[in-house]
Amino acid sequence: MMMMSKEKLIVEVVAAHNLMPKDGEGSSSPFVEVEFENQRLRTQSKHKDLNPVWNERLVFNVSDLMDLPYRTIEVNVFNEKKSGNNRNFLGKVRVPGSSVARRGEEIPQLFTLEKRSLFSHIKGEISLKMYYEEGSGGGAAALKGLSSASSTVCIDEKKAAAKRDMSTGATANHHVEQPKQQKQDEKGKHVELPKQPDVIKPTIIITGGGGGELHPSAGSAGSWLQNDYGLKETNPHLGGVGPAVAAAAAASGISGNATSTVAGGAGAGGNIGGFGREKTGWAYDLVEQMQYLYVRVVKARELGVGSDGLVEVKVGNYRGITKQVEKRSNPEWDQVFAFSKDCIQSSVVEVMVKDKDEFLGRVIFDLSEVPVRVPPDSPLAPQWYRMEDKKGESKVKGEVMVSVWMGTQADEAFSEAWHSKAASIPSEGLNTIKSKVYLSPKLWYLRVTVLEAQDLFPTDKGRFPELSVKVQVGSQVLRTRSATARSVVNPSWNEDLMFVVAEPFEDYVMLVVEDRVVPSKEEILGRLVVPLGSIERRLDDKSGTSRWFNLDRHHGLSEVLTKSSRFGSRIHLRMCLEGGYHVLDESTLYSSDLRPTAKQLWKPNIGVLEIGILGANGLLPMKLKDGRGTTDAYCVAKYGQKWVRTRTVVDSVSPKWNEQYTWEVFDPCTVITIGVFDNCHLDKGGGGRDLRVGKVRIRLSTLECDRVYTHAYPLLVLHPSGVKKMGELHLALRFSCSSMANMLHIYSWPLLPKMHYTHPLSVSQLESLRYQAMTIVAMRLNRAEPPLHKEVVEYMLDIDSHVWSMRRSKANFFRLVTVLSGFVSIGRWIESVCSWRKPVVSVLVMVLFLIFVCYPELILPTLLLYMFAIGIWRYRQRPRQPPHMDTRLSHAESVFPDELDEEFDTFPTSRSADVLRMRYDRLRSVAGRVQTVVGDVATQGERVQALLSWRDPRATFLFVIMCLVGAVGFYAVPFQVVLACAGVYLMRPPRFRSRLPSPALSFFRRLPALGGVTLFCVAVSVACEELERSD
């Protein structure tokens, strides 16, 4: 008889999220079945729940712990049907045994459900905890070694990483759940402490199994899955706590927590400033203070002839090295090194001067004697220091100019400094991690009006020429239509062509007059090249002056027609740079700037927007480095023409930036965009594309003035497998208004400049010009140093927002339904009043209606007073936080996998013919329903037109007679009496109603429409085709 195994494998099924509905009623009743070593256990089923929470423990016997890393745990999710033992497959997960932890070290892991076959429709995730209980045997110790060797991220590595991060004072990138703590009482017995509440765990990448990429999960997976997509209010210590505030707080008896609040104004809605604020010049009051040790190495002298000098700055285990200056006895470096105070593990800083690898001398500074500098104090002046030998016993030849001070991220040297946390980055990649401010190029619309041409002589005179003009500016090429020729040699076009150009004007307008000989061949009749800098600028809607230009068949240099050049081919053009338009490089729905191009037309600013980019939390690893997942994150914020880029925090899933930026605001109805990216250009020859992590948009009109908003914004991204949370971005915002009257007055202004209404551009023109503007901005910013890469700019400007998506179509449809639901509710209320379901309400409404009929001047004031009262009543329920991405409104949680695959498909498509046929049939079914609705609406309109069209002579005769009788009756009876009688008739009690439709409605439904004629014509055409085939 086999003995019972003492080792146990426990699989705790926590919860599932966003499962596929498969019961035919839009839901599922899921349960989980787990199989391990021929043992099969299952959980209870959750009735009609697509986001079930089980929290059930399934216990399996383990025959040999030594073999556990080589076993596989199969987890299947099924939908339990009502009748019989049938079930629907909802997804599966295969977990390798090497990822099973010991009891007390387990963490919740979120797995993406996989398909069973190619044609399975599966979506969702499942959260599991897996651990084993040790027996009395010695297999547990061996298993621990095997498990740590086969897993990419092990518990010991996470503990070491957590200790390293805690020693540097940064937020821990890896969090390990500690075992249950135990303590001894006075009698020596072990007392088990209560288990600590679960916290969010890190992302883990496990190799060798089907687990794939795991996502952060909480101890209570059900609440995390339901609430993790929302906006979270935070309470950071903004501005830090200085000695002045601490002293004031101590004198007034304020506690330490209250002191932090006074100093920083932390918390959403709190105003920073007022009582207790430090007057030490700290201008960064929307971020947390970060202390740094700054070392500026300027130059050295008397190092010796032919020295290849460099300087090494060493603080504990961190060291920074300057560039090498070859063959100079007095080298100059002028470099700044910044060491985070939290990672300083030494009491001294060493500045060593070397000739390549040969030691020349050093200078040592005691950190306790380093001065503290707070802006706006002037920079600390560097001084000459005599160098000493390695032992510090004697001075050596040579001096070095150095300055050392303690400061914060507000120091002007911060952005250009080398940072200690970037010590692993090679020198080629250091320039790509610095924070920078960029400016978009100033964009103009170029209008080229091609009027006419004279004396054009085609080579082939035996045919009628097809003359057109091709205009090229940079990479933009437009062509006029074929000319309407008054004669063969004097064509006329009178057509406007619009382009986007940017300052400085380096391009040319290249114009070519062509004659289309055959469909694939054009004959050039003349060329013209005009520099952009020579074109006049227009600020209003006045028509510019037109000019004649000579055409040349060879080089095409521009030449304005003069009296001495009256012969030869010439063209009549009107060209101007439009300064009265706003060049759209963003959609008007979330544009950050609406001002015209010309600065002379700008209005004064109305306020200032300040944003503190504090940090991020729980970012998913975007790439593998040394066998583990990591992220090198930086932020990009765009508002108006100003782009800002934070420094890159290397190798951290919880980066802290604490950088503050300011923008002038000219219109409150604008949007600021903040994106998070993973830097892929740190290594040598890094030519990869920076990866998107997520972005946040905040509309300024939703912010209250002079209030600080501190929130954690979830970074939600739509993936082919569904919506994913990539982490959280912590921001602090404040919108300050200089004049409330000016800001309120702006709401009466047009959204766009005047030229967009006096000389409007078509929708297709605006879309084409917007794409060209985005291309120019991306190209210019990519030429900066360090470059803001093209993929970053395109993601911030939403270059692919026009791509077709079934999910977006559904979302927009239901948005429209929500807007119209108010009118539907009013109609239902009127129907309930007319049906006398509540007699008291119906009587009151009838009395109120009769009062309005007798005193119609009360209608409008009563309506406006009612709207005023509703607005005041809803003021208490006003939103307290900025709006953010809504997954339900976006239909990201209920989208089908094939619809997501279609949304992520390339253009043109890269899918197979069968998939395209299926999608085309689905689109036909949707379009058929839309076609039916459009046809019904057209039918009602055609019946209205049929009243007087005599298409049905008898119906039109009746209608005309009724109009005559009604005209006489309404003339004799006062209108108020007619209106009162009509209202009382419509609201009559059900006893006096008939279930049959009214005579007027029956008459209207009998009127003819054109739908039958259309169907008859189609049927006849089909019948004719069949007859022709039979013949």
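Use the structure listed above.
Residues numbered from 1 in each chain as written. Predicted model: local features only at pLDDT ≥ 70, side-chain atom pairs only at ≥ 80, totals over all residues. Heavy atoms only, no water.

## Overview of the sheet that holds strand β24 (residues 467-473)
Here is step 1 of the chain: Judged by pairing direction, the sheet is antiparallel, and its four strands sit side by side in the order β25-β24-β27-β28 without closing on themselves. This sheet does not close on itself; its edge strands, each paired only once, are β25 (476-479) and β28 (521-531). Taking each pair of neighbouring strands and ignoring which way they run, the sheet shows an average axis angle of 20°.
Here is step 2 of the chain: As judged from the four bridges shared by β24 and β25, these two strands associate in the antiparallel manner. Across the sheet, the residue bridging to Gln472 is Val477, located in β25. (Pairing = 2+ DSSP bridges. Helix = DSSP H or I, 4+ residues; strand = E, 2+ residues; numbered from the N terminus. Axes fitted to C-alpha atoms, helices over the stretch in contact; angles between N-to-C directions.)

## Things to note about the nonpolar core
Here is step 1 of the chain: Among the nonpolar cores identified, the biggest contains 40 residues, and Ile611, Trp657, Trp663, Ile672, Ile674, Ile698 and Leu729 are the most heavily contacted of them.
Here is step 2 of the chain: Residue assignment for this core shows that the elements contributing at least two residues are β32 (607-617), β35 (633-639), β37 (656-665), β38 (671-678), β39 (691-699), β40 (708-719), β41 (722-737) and α6 (740-746).
Here is step 3 of the chain: Here this core gets six residues from one element, more than from any other, and that element is β41.
Here is step 4 of the chain: Counting residues in each nonpolar core, the second largest holds 31 residues, with Val13, Leu19, Val77 and Val100 among its members. (Core = buried A, V, L, I, M, F, W, Y, C linked by side-chain atoms within 4.5 Å. Buried < 20%, exposed > 50% of the residue type's maximum accessible area, 1.4 Å probe, protein only.)

## Structural notes on the packing of aromatic side chains
Here is step 1 of the chain: With the rule as written, the count across this model stands at 15 aromatic pairs.
Here is step 2 of the chain: Three or more aromatic residues joined by ring pairs make a cluster, and in this case those are Tyr292, Tyr294, Trp405 and Phe414.
Here is step 3 of the chain: Over the aromatic face of Trp548 sits the side chain of Arg570, whose NZ or CZ is 4.4 Å from the ring centroid. (Phe/Tyr/Trp six-rings, centres within 6.5 Å; stacked < 30°, edge-to-face > 60°. Lys NZ or Arg CZ within 6 Å of the ring centre and 35° of its normal.)

## Let's talk about the pairing of strand β2 (residues 30-36)
Here is step 1 of the chain: Counting buried positions along β2 yields six of seven residues, so the element is predominantly enclosed.
Here is step 2 of the chain: Sheet analysis places β2 next to strand β5 (residues 72-80), joined by six bridges and oriented antiparallel. Note that in β5 the partner of Val32 across the bridge is Val77.
Here is step 3 of the chain: Bridge count for β2 against strand β3 (residues 39-42) is four bridges, and the pairing is antiparallel. Note that in β3 the partner of Glu35 across the bridge is Arg40.
Here is step 4 of the chain: From the end of β2 to the start of β3, which pair antiparallel, there are two residues, and Glu37 there has a positive phi angle of about 50°.

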